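Fold and geometry: a report
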Amino acid sequence: MSPGSGEEVRVEVEGRTLKLSNLDKVLYPRTGTTKGEVLNYYAQVSPAMLPLLKDRCATRVRWPNGVEKQSFFEKNIPNGTPSWVRTAAVPTTGSRGSSRNGDILVFPIVDDLATLTWLANLAALELHVHQWTVTKAGKPQKANRLVIDLDPGDGAGLHECCQVALMVRDKLEERGLETQAVTSGSKGLHLYAALEKRLDPEDSTALAKEVADELAKEQGRLVTATMTKSKRSGKVFLDWSQNAGSKTTLSPYSLRGRELPTVATPVTWDEVEAGAEDVLGLEQFRFEEVLERLADGR
């Protein structure tokens, strides 16, 4: 098969027949990573990733010609979506993007390997999901988790994010919430906390903002809760807004459409503490490293 050729390969995935194309197309030019390798990664990581995507509407970012070319966000299911793909019709109130269906967006729900493979074949490198879920019938429910995105400004990095993450963890523990850390695959960290009781997105957003505002007041040298980029220099911005009903966060184990094929990777608090102590104690992980971590039980 020649590079970038349109030759198709038919594969069976969990009883579904899929047509995969351009498996040798390079999607990450710097590393030479091909679409075939992306498909293989998502297949291998699926046992860990699918439970985290379960019942969540998926917004995709697609790079059909590789990460050095133009990308686009996609909320609605595209033309040609297989009939077996589970979907949810959700009102567009407060959301970005237009809809082919009036006031309704029709999202795919990625709850099986066949759907994940289908999306990866469309060069949907990034999968972003809400903090709320839908019922089996596709009806939106309240949020069942809270997220705070730690985004370092100029002069700060993952080292500073790890320091702040420990502070956020303590604040959430004070509120009875246990926190999981995930490297963002970009520059920072995502912190997730399962909610014992589902909350309206407005309420979970208010809770996250409360934590961010407290830390910005107590640790103003290192923390900001202000979105204005000019005020982030040397600080870590605690983005509480991703809990809003229309907002999404990159799913754990999703690839990033960056220069390198990095992944949003769950990490232990021991690793975060190491990152807080040493500027090189924690780094963003590439997809090969993520598969090695999973093979090692991490």
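To keep things clear, this report deals only with the structure shown in the data block. Fair warning: this is a prediction, and the values are worked out from it, not measured in the lab.

Turning to the state of the cysteines, a few remarks are in order. With the rule as written, the count across this model stands at zero disulfides. C161 supplies the cysteine sulfur nearest to C162, a cysteine that is in no disulfide, at a spacing of 7.1 Å.

Okay, the side chain of T249 next. Note on placement: T249 falls in strand 16 (residues 249-250). Here Q242 takes part through its side chain, which lies 2.6 Å from a polar atom of the side chain of T249. Beyond its immediate stretch of four places on either side in the chain, T249 contacts L127, H128, V129, Q131, V147, H190, Y192 and Q242.

With that settled, consider the pairing of strand 7 (residues 87-91). Taking every second residue as pointing to the same face, the buried face of strand 7 carries A88 and V90, while none of T87, A89 and P91 on the other face is buried. With five bridges connecting them, strand 7 and strand 8 (residues 104-108) associate as antiparallel partners. Bridge pairing in strand 8 links A89 to V106.

Once that is clear, we can look at unusual backbone geometry. Residue D55 is not a glycine yet carries a positive backbone phi of 65°. Relative to the assigned elements, D55 resides in the loop between helix 1 (35-53) and strand 5 (58-62). If you check the backbone angles, Y253 has positive phi at about 80° while not being a glycine.

Here the focus is the layout of surface pockets. Quantified by volume, the largest pocket comes out at close to 870 Å³. Lining the largest pocket are 34 residues, with D149, D151, D239, Q242 and R256 sitting closest to its centre. Sorting the residues of the lining of the largest pocket by element identifies strand 9 (124-129), strand 11 (140-152), strand 15 (236-239) and strand 16 as the ones contributing at least two each. The element best represented in the lining of the largest pocket is strand 11, accounting for four residues. Its residues assigned to classes, the lining of the largest pocket shows six nonpolar, 15 polar and 13 charged.

Turning our eyes to something else, we now look at the environment of G220. Residue placement: G220 occurs in the loop between helix 4 (201-218) and strand 14 (223-224). What makes G220 partly exposed here is its relative accessible area of 28%. Sequence separation between G220 and A193 is 27 residues; the distance between their C-alpha atoms is 24 Å. With near-sequence residues (within four places) excluded, G220 lies in contact with L215 and K235.

What follows covers the packing of helix 1 against helix 2 (residues 113-121). Between helix 1 and helix 2, the shortest axis-to-axis distance is 9 Å and the interhelical angle comes to 150°. Taken together, the axes of helix 1 and helix 2 lie roughly antiparallel to each other. The handedness of the crossing between helix 1 and helix 2 is right-handed. Mapping the contact onto sequence places K35, L39, Y42, A43, S46, M49 and L50 in helix 1 and L113, L116, T117, A120 and N121 in helix 2. In the contact of helix 1 with helix 2, the residues fall into eight nonpolar, three polar and one charged.

In this section: the environment of Y41. Looking at the element boundaries, Y41 is found in helix 1. With a relative accessible area of 0%, Y41 lands in the buried category. In sequence terms Y41 and K187 are 146 residues apart; their C-alpha atoms lie 22 Å from each other. The contacts of Y41, once residues within four sequence positions are left out, are Y253, L255, V263, F287, V290 and L291.

Take the environment of K19 next. Assignment of secondary structure puts K19 in strand 2 (residues 16-21). Residue classification places K19 among the partly exposed positions, given a relative accessible area of 45%. Residues K19 and V9, 10 residues apart in the sequence, show an inter-C-alpha distance of 5.6 Å. Leaving out residues up to four positions away in the same chain, K19 has contacts with E8, V9, R10 and N121.

Let's shift gears to helix 4. For helix 4, which comprises 18 residues, the first-to-last C-alpha distance of 26 Å matches the rise-based estimate of 26 Å (1.5 Å per residue) to within 8%. Of the positions making up helix 4, those classed as buried are P201, S204, T205, L207, A208, V211, A212 and L215. For helix 4, the buried positions fall inside an angular range of 160° around the axis, keeping them on one side. Set apart from the buried face of helix 4 by more than 90 degrees, the exposed residues are E202 and K217. Each element contacted by the buried residues of helix 4 is listed here: strand 10 (132-134), strand 11, helix 3 (158-174), strand 13 (189-199), strand 14 and strand 15.

Rules used in this analysis
Residues numbered from 1 in each chain as written. Predicted model: local features only at pLDDT ≥ 70, side-chain atom pairs only at ≥ 80, totals over all residues. Heavy atoms only, no water. Disulfide = S-S within 2.5 Å. Helix = DSSP H or I, 4+ residues; strand = E, 2+ residues; numbered from the N terminus. Polar contact = N/O pair within 3.5 Å; in protein donor to acceptor, adjacent residues only side chain to side chain. Contact = heavy atoms within 4.5 Å. Buried < 20%, exposed > 50% of the residue type's maximum accessible area, 1.4 Å probe, protein only. Pairing = 2+ DSSP bridges. 1 Å grid on protein atoms, 1.4 Å probe; cavity = no way out; pocket = protein on both sides within 12 Å on 5 of 7 lines; lining within 4 Å. Points joined across faces, edges and corners; volume = space filled by probe spheres on them. Nonpolar A, V, L, I, M, F, W, Y, C, P; charged D, E, K, R; others polar. Axes fitted to C-alpha atoms, helices over the stretch in contact; angles between N-to-C directions. Parallel < 35°, antiparallel > 145°, perpendicular 65-115°, else oblique. Left-handed = near helix turned anticlockwise from the far one by under 90°. Expected span 1.5 Å × (residues − 1). Arc of directions from axis to C-beta.

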